[in-house]
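Take a look at the letters that make up each chain.
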Amino acid sequence: MFVFPKITLRPDVYQYLRNVFQNKELVAAVGQVEAERRFEELLYRLSHPPSFTCVRASTHLAPLNTIRERLLEELREMSCHYPGDIPILSHTHVPDVLLLPVIGPRPALPQNPEVIVGALCGNAVLRGAHVFAPGILSTPKYMKAGDLVSVFSDIEGKCTRGSKDFQGKKVFLGNGISEMGRSDIFCSDEPVKGVGVRMVEPVYLSPSFDNLLPSLVFLQNLPSVVVGHVLGPQPGERVLDMCAAPGGKTSHIAALMKGQGEVIALDKIRNKVKRIRQNAQALQLDCVKAYCFNSIQAVCSDHAQKPDEGPPFPAESFDRVLLDAPCSGLGQRPNMGCSWSLREITSYQPLQRKLFHTAVQLLKKGGVLVYSTCTVTLAENEEQVAWALDTFPCLSLQPQEPHIGGEGMPGAGLSLEQLRLLQRFSPVQEHGGATGAPAAPLTAAAEGDPARLLRQANTDTIGFFIAKFLKT
Ligand code: SAM
């Protein structure tokens, strides 16, 4: 069987993350050996995709079962090698998701001339995408459309665009058929677009969701869907999503509000704001208003300003606020190589605190604030909660519904009771998970054990963190 390496980190980042898992509180709670095992397993899991592809179903437009049937029909019609009879699971605690088992790693062999893609493109291929031409870095010298090729990911970012023979560290992703010749990819006057290699034998098989039922399903990681439910928006409310692009959570919030009320979505990057609007439009949600704005400056001192004029807003303008913070992203999977420096990894805590100050000011008394990240460090998660509880006496931690992830990690001085109120998705099994053993959802499916499949879907996710506060 094909074995991927563990994620490659710079030595100082490796040591920083290792220290997170060797902190005194965690070691006292679970023991040195178990803490070490969790760290090693995390490194292994990060380089592999989660064992399920999760899509959020537009239950504001159609019932879940209708959407599941439509999805099955589409999968049967697509020539994507994904079995049309695979079980598409619903989730007992998250009413608007469908889960599709990822099949792999499969015993494909690299027998063809090599195409090298960038690491980000490679990660998308491992989650079911075809190779889009802009992600291609190197092809065989005489590659033409229709050639069989073996696709590799340049996990250290060392391959130069247009190279013909790359000898650096690479990981095999599967075999495919090129849809373009080498000169179409590297010698065109226009920026190259579209599928460059159609994957026919990927190491990990999941359906490609490119343009698949765009108004009915939205590709979103399970913990991200949980965030929307934990925030609990109600029809008619005014909700702020402070760091919103590309709008996955914004559109979920609007759907949960059944399109009634107002969802204000801010992001500081203009091009990304367009994506929020496009996503809301595709999902037929017209209560979303998206603005390009730096959320740190989103509170105005002018109380005469009307909240519906757009940012900045007067204090206490919103019933609920979501701060899905910019973060070091170390929970994202699959990720075989992270070239970030320790300085970059540790730069987020101050930024998140500035955004948090704004969030608390903009929230009405009695309102709900949800803070989330897709990373696994203590500094951006539990330490932020400890800081927030100290800094804002008006905030109290609240139970989360649903709570399908684990509890918070010891290490930031929070009490056991407080840790239990936090939701940490850690792609690590709590007791004796077999390090290096790939997840085997299909085996469990074959055994007809949906409860086991759901447990696996809840634990084998991206790394993610959620805290819910009430302002009194
Ligand atoms: N919530 C999004 C979703 O579910 O689709 C993902 C958000 S992503 C984790 C963080 C976002 O924060 C990025 O799109 C980034 O551009 C934005 N961001 C970073 N700093 C910001 C700031 N000061 N004000 C507004 N947005 C910011």
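Residues numbered from 1 in each chain as written. Predicted model: local features only at pLDDT ≥ 70, side-chain atom pairs only at ≥ 80, totals over all residues. Heavy atoms only, no water.

## Remarks on the packing of helix α7 (residues 222–231) against helix α8 (residues 248–256)
Point 1. At a closest axis distance of 9 Å, the pairing of α7 and α8 adopts a crossing angle of 45°. When the interaxial angle is binned, α7 and α8 end up oblique. Considering how the two elements wind past one another, α7 and α8 form a crossing that is right-handed. From α7, Ser224, Val225, Val227, Gly228, His229 and Leu231 reach across to α8, where they touch Lys249, His252, Ile253 and Leu256.
Point 2. A per-class count over the contact of α7 with α8 returns five nonpolar, four polar and one charged. (Axes fitted to C-alpha atoms, helices over the stretch in contact; angles between N-to-C directions. Helix = DSSP H or I, 4+ residues; strand = E, 2+ residues; numbered from the N terminus. Parallel < 35°, antiparallel > 145°, perpendicular 65-115°, else oblique. Left-handed = near helix turned anticlockwise from the far one by under 90°. Contact = heavy atoms within 4.5 Å. Nonpolar A, V, L, I, M, F, W, Y, C, P; charged D, E, K, R; others polar.)

## Description of the environment of Leu99
Point 1. Position of Leu99 relative to the elements: it lies in strand β3 (residues 97–101).
Point 2. The sequence separation of Leu99 and Ala457 amounts to 358 residues, and the corresponding C-alpha distance is 7.9 Å.
Point 3. Aside from chain neighbours lying at most four places away, what touches Leu99 is Phe52, Thr53, Cys54, Pro87, Ile88, Leu89, His91, Leu454 and Ala457.

## Re the site of the ligand
Point 1. Residues in contact with the ligand amount to 19 residues; listed here are only the nearest, Asp267, Lys272, Asn294, Ser295 and Asp324.
Point 2. The backbone of Cys243 places a nitrogen or oxygen atom 3.0 Å from a nitrogen atom of the ligand.
Point 3. Backbone polar atom of Ala245 to an oxygen atom of the ligand: 3.3 Å apart, as the coordinates give it.
Point 4. Protein coverage of the free-state accessible area of the ligand, which is 600 Å², stands at 88%. (Near = heavy atom within 4 Å. Polar contact = N/O pair within 3.5 Å; in protein donor to acceptor, adjacent residues only side chain to side chain. Areas by Shrake-Rupley, 256 points an atom, 1.4 Å probe, with all protein chains shown as cover.)

## Some details on helix α5 (residues 119–126)
Point 1. All of the buried residues along α5 are Cys121, Gly122, Asn123, Val125 and Leu126.
Point 2. Taken together, the buried residues of α5 touch β4 (114–118), β5 (131–132), β7 (148–154), β8 (170–178) and β9 (195–202).
Point 3. Two residues or fewer past α5, Gly128 is found with a positive phi of approximately 110°. (Buried < 20%, exposed > 50% of the residue type's maximum accessible area, 1.4 Å probe, protein only.)

## Re the sheet that holds strand β1 (residues 52–57)
Point 1. Spatially, β2-β3-β1-β10 is the arrangement adopted by the four strands of the open sheet, whose pairing is antiparallel. A strand with exactly one partner marks an edge of an open sheet, and here the two such strands are β2 (89–90) and β10 (217–219).
Point 2. Strand direction decides the pairing type here: β1 and β10, joined by three bridges, are antiparallel. Note that in β10 the partner of Arg56 across the bridge is Phe218. (Pairing = 2+ DSSP bridges.)

## As for the side chain of Asp147
Point 1. Following the sequence through the fold, Asp147 ends up in the loop between β6 (136–138) and β7.
Point 2. Residue classification places Asp147 among the buried positions, given a relative accessible area of 19%.
Point 3. Among the polar contacts listed, one links the side chain of Asp147 to the backbone nitrogen of Lys144, at a separation of 3.0 Å.

## Details of the domain arrangement of the protein chain
Point 1. Segmentation of the protein chain into domains returns domain 1 (114–202) and domain 2 (222–471).
Point 2. Using C-alpha coordinates to define each centre, domain 1 is positioned 34 Å away from domain 2.
Point 3. A combined buried area of about 530 Å² lies between domain 1 and domain 2, and 66% of that area is made up of carbon and sulfur atoms.
Point 4. Ranking the residues of domain 1 by area buried against domain 2 places Asn123, Arg127 and Ile155 at the top, with a combined share of 68%. (Domains from an automatic or database assignment. Buried area = accessible area lost by both parts, 1.4 Å probe.)

## Quick word on the pattern of salt bridges
Charged atoms that come close allow side chains of opposite charge to pair.
Point 1. Scanning all chains against the criterion turns up 20 salt bridges.
Point 2. A salt bridge links Glu237 to Arg320, with the nearest nitrogen and oxygen atoms 2.6 Å apart. One end of the pair, Glu237, is in the loop between α7 and β11 (238–241); the other, Arg320, is in strand β16 (residues 318–324), with 83 residues separating them in the sequence.
Point 3. For Arg320, a relative accessible area of 13% puts it in the buried group.
Point 4. When the shortest N-O distance is used, the salt bridge between Lys365 and Glu316 registers 3.3 Å. Taken together, the positions of Lys365 in strand β17 (residues 363–373) and Glu316 in the loop between β15 (313–314) and β16 put the pair 49 residues apart, joining distant regions of the chain.
Point 5. For Lys365, a relative accessible area of 57% translates into the label exposed. (Salt bridge = Lys/Arg side-chain N within 4 Å of Asp/Glu carboxyl O.)

## Concerning the sheet that holds β4
Point 1. The sheet built from six strands is open, its strands ordered β5-β9-β8-β7-β4-β6 with mixed pairing. Only two strands of the sheet have a single partner each, and these edge strands are β5 and β6.
Point 2. Direction of pairing for β7 relative to β8: antiparallel, over a ladder of seven bridges. Following the sheet pairing, Leu148 is matched in β8 by Ile177.
Point 3. Relative to the sheet, α5 contacts β4, β5, β7, β8 and β9, its axis offset from that of β4 by approximately 105°.

## A closer look at the state of the cysteines
Point 1. For the structure shown, the criterion picks out zero disulfides.
Point 2. Free cysteine: Cys300, not disulfide-bonded; nearest cysteine sulfur from Cys292 at 18 Å.
Point 3. Not engaged in a disulfide, the cysteine Cys374 finds its nearest cysteine sulfur in Cys327; these two sulfurs lie 3.6 Å apart. (Disulfide = S-S within 2.5 Å.)

## Here we look at unusual backbone geometry
Point 1. For the bond running from Ala245 to Pro246, omega is 5°, close enough to zero to count as cis.
Point 2. Cis rather than trans, the peptide bond between Arg333 and Pro334 has omega equal to -5°.
Point 3. In this model, Gln284 sits at a positive phi of 60°, which is unusual for a non-glycine residue.
Point 4. With respect to the secondary-structure elements, Gln284 resides in the loop between α9 (270–282) and β13 (288–292).

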